[in-house]
Amino acid sequence: MTSIRQSLHHTNQDGHPPFSAGELQQWTEQITAHPYRNYLYSYPHKTAYREFASPLPLEELWRDEPAESLFLYMHIPFCGARCGFCNLFTLPDKRANVHAEYVDALERQARQWAAFTRHKPYARFAIGGGTPSLLAPAQLNRLFSIATDIMGVDLGTTSISVETSPETLTEEKLTILKDHTVDRVSMGIQSFVAAESAAIYRPQDPEVVYRALELLGQFDFPILNLDLIYGLPGQTVDSWLYSLNQALLHEPEEIFLYPLYTREHTIVKPGDLVNQLDIRHECYEAARAVLAERGYRQYSMRRFAKEDAGTGKDILDYSCQEEGMVGLGCGARSYTRNVHYASRYGVSRKATESIIADYVAAEHYNTADYGIVLSLDEQKRRFILKAILHSEGLTIADYNQRFGTKLWEDHPELGLLVQSGFATDDEGILRLTPDGLGYSDSIGDWFISGEIREQMQEFILP
Ligand code: SF4
């Protein structure tokens, strides 16, 4: 991209530079040839984190955090088994005593961190994983006590979300969620076809899924989110639409559709799919049409929701652009405006086991040891990526005001999005078109800085 940036001397009436037909064609081919290059669910990705030269005291990090309100995230890194596509920080371990010791450690950590963060209110609280609903009811209850009594979460003004799986849901656990005014319950289903679930090492009887959905329906949470995956081994566009339609029968307020990603360190390897036609883009387009017809609005490449979905609570304002994420638990990331940190990252059983063991044995949690300090350039990239990969788009004046520089001067290459038709620049908002949203992953990957890409590539997963 450097060569393109260097060749820019003129701008069009919107302030972004024109590209030659050749440049445009080359870039468009690069974006469309491999739409599923890299899923940027955060920027920079954890594989760009490194050990800090000296630990950073959390008291100082959080004292100066400019965000008005914060997001509290608790990570429960345990699952019944590891799914074939999963590269998240989680360990297959169902033992109740292991979970209880882990929650003990999380409580110790919360007691230390609360002193650093209690000067700001929480607007959002999420429990994710792993599979939080794998915890016994008593441990699940404790997580809410830690949030309210130690961290200072006010259940009445905080939007609360919990991740679950079909086989771990019980009436008792859902009662706990309801009693704590949980607003959004998310359930990973992936597929309603037993053979497709089995092919990703997630044997799942559709009857168990239907029972869980029925139970969830009885509790009537304000937002039910269901996750599905397309591009599974043996899946066809028809069987994909079958799964989607089964999910829609339960009228979820929100639905996340994930393309299947495989990597060398996941159980299902890229090589396992070479004999299968890549139908992911076709599945995406077909699902988008069905969801539009059913009244769902598209918020990003993966997220579709009913426009009126929401809670009756008066939630505090929270801007994703402003960072302020307090991540408790092993594997959780925390973000201040310019420092992102977490525990070490691993995927293999051996690595996750040893990282969790260190976390559970620790007495002190008052420094950040592993992460990344974001340069101003990386803060700008993050701000841009978080905005353009969502349908709200990037308000250019917000960028210019926040950073005191001009978007088109900092990143003239973004003009390619507009010139290719993957984005529009209407009334000062740079926004991906529906077509552009479909290429979010390759657009996100294209916009990663050279330094971060190098660090991610150097990272060898144990
Ligand atoms: S995809 Fe979800 S349920 Fe499956 S192993 Fe990963 S965290 Fe656990």
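Given the structure is predicted, the values throughout are model-derived calculations rather than measurements.

Caption draft 1: How the structure looks around the UniProt feature "domain: Radical SAM core" (unreviewed entry) in the protein. Under the feature "domain: Radical SAM core" (unreviewed entry), the UniProt entry names residues 64–302. Split by type, residues 64–302 is 38% helix and 21% strand. Its first and last C-alpha atoms lie 34 Å apart.

Caption draft 2: Expanded view of the site of the ligand. Neighbouring residues of the ligand: Cys79, Arg82, Cys83, Cys86, Leu88, Thr90, Gly129, Gly130, Thr131, Ser165 and Gly188. By residue class, the composition of the shell around the ligand is four nonpolar, six polar and one charged.

Caption draft 3: Structural detail: the confidence of the model for the protein. Mean pLDDT for the protein: 91, with 95% of residues reaching 70 or above. Predicted confidence is poor over residues 1–9, with pLDDT under 50, and the contacts of this stretch with residues over four places away or in other chains come to eight contacts.

Caption draft 4: Highlighting unusual backbone geometry. Note that the residue after Tyr43, namely Pro44, is joined by a cis bond; omega there is -5°. Residue position: Pro44 is located in the loop between helix H2 (21–33) and strand S1 (50–57). Look at Asp220: it is not a glycine, yet its phi comes out positive at around 50°. Assignment of secondary structure puts Asp220 in the loop between helix H8 (206–219) and strand S8 (223–230). Look at Asp220 and you get exposed, because 8 C-beta atoms sit within 10 Å.

Caption draft 5: Geometry of the pairing of strand S2 (residues 70–76). The buried count for S2 comes to seven of seven residues, which makes it a mostly enclosed element. What you see with S2 is no split at all: Leu70, Leu72, Met74 and Ile76 on one side and Phe71, Tyr73 and His75 on the other are buried throughout. With seven bridges joining them, S2 and strand S5 (residues 122–129) adopt parallel strand pairing. Bridge pairing links Tyr73 to Ala126 in S5. Note that S2 and strand S12 (residues 325–328) share four bridges and pair parallel. Note on S12: the bridge partner recorded for Phe71 is Met325.

Caption draft 6: Region of interest: the sheet that holds strand S18 (residues 429–432). Reading across the sheet, the three strands line up as S16-S18-S17 and stay open at both edges, with antiparallel pairing between neighbours. The outermost strands of the open sheet, each flanked by one partner alone, are strand S16 (394–395) and strand S17 (423–426). Two elements, S17 and S18, share four bridges in a ladder whose sense is antiparallel. By the bridge assignment, Ala423 is partnered in S18 with Leu432.

Caption draft 7: Broad picture of the domain arrangement of the protein. For the protein, the assigned domains are domain 1 (7–42 + 375–457) and domain 2 (54–306). Between the C-alpha centres of domain 1 and domain 2 there is a distance of 29 Å. Contacts between the two partners involve 11 residues from domain 1, matched on the other side by nine residues from domain 2. Of all elements in the fold, only helix H16 (434–438) and helix H17 (440–446) reach the threshold of two or more residues within the side of domain 1 that touches domain 2. With three residues, H16 is the single largest residue contributor to the side of domain 1 that touches domain 2.

Caption draft 8: Highlighting the packing of helix H4 (residues 96–117) against helix H5 (residues 137–150). Interaxial distance between H4 and H5 falls to 10 Å at its minimum, and their mutual angle equals 5°. As far as their axial angle goes, H5 and H4 are roughly parallel. Where H4 approaches H5, its residues His99, Ala100, Val103, Leu106, Glu107, Ala110, Arg111 and Ala114 are matched on the opposing element by Gln139, Arg142, Leu143, Ile146 and Ile150. Taken together, the residues of the contact of H4 with H5 sort by class into eight nonpolar, two polar and three charged.

Caption draft 9: Helix H6 (residues 171–179), seen in detail. Here H6 has its buried residues at Lys173, Leu174, Ile176 and Leu177. Buried residues of H6, seen end-on, are gathered within an arc of 150° and therefore sit on one face of the element. Counted as exposed and oriented over 90 degrees from the buried face of H6: Glu171, Glu172, Thr175 and Asp179. Against the buried residues of H6 lie H5, strand S6 (159–164), strand S7 (184–190) and H8. Looking one or two residues past H6, Thr181 carries a phi angle of roughly 50°, positive in sign.

Caption draft 10: Spotlight on the environment of Glu307. Mapping Glu307 onto the fold places it in the loop between strand S11 (303–306) and S12. Using a count of 10 C-beta atoms within 10 Å as the deciding quantity, one classes Glu307 as exposed.

Caption draft 11: Geometry of the packing of helix H9 (residues 237–248) against helix H10 (residues 280–293). Orientation of H9 relative to H10, taken along the N-to-C sense of each, is 40°, at an axis distance of 10 Å. At the point where H9 passes H10, the crossing takes the right-handed sense. Counted together, Val237, Trp240, Leu241 and Leu244 of H9 and Glu282, Cys283, Ala286, Ala287 and Val290 of H10 form the full contact between these two elements.

Procedures and definitions
- Residues numbered from 1 in each chain as written.
- Predicted model: local features only at pLDDT ≥ 70, side-chain atom pairs only at ≥ 80, totals over all residues.
- UniProt positions renumbered as here; feature names shortened; annotations may be inferred.
- Helix = DSSP H or I, 4+ residues; strand = E, 2+ residues; numbered from the N terminus.
- Near = placed C-beta within 6 Å.
- Nonpolar A, V, L, I, M, F, W, Y, C, P; charged D, E, K, R; others polar.
- pLDDT = per-residue confidence, 0-100.
- Contact = placed C-beta atoms within 7 Å.
- Buried ≥ 20, exposed ≤ 12 C-beta atoms within 10 Å, placed from the backbone.
- Pairing = 2+ DSSP bridges.
- Domains from an automatic or database assignment.
- Axes fitted to C-alpha atoms, helices over the stretch in contact; angles between N-to-C directions.
- Parallel < 35°, antiparallel > 145°, perpendicular 65-115°, else oblique.
- Arc of directions from axis to C-beta.
- Left-handed = near helix turned anticlockwise from the far one by under 90°.

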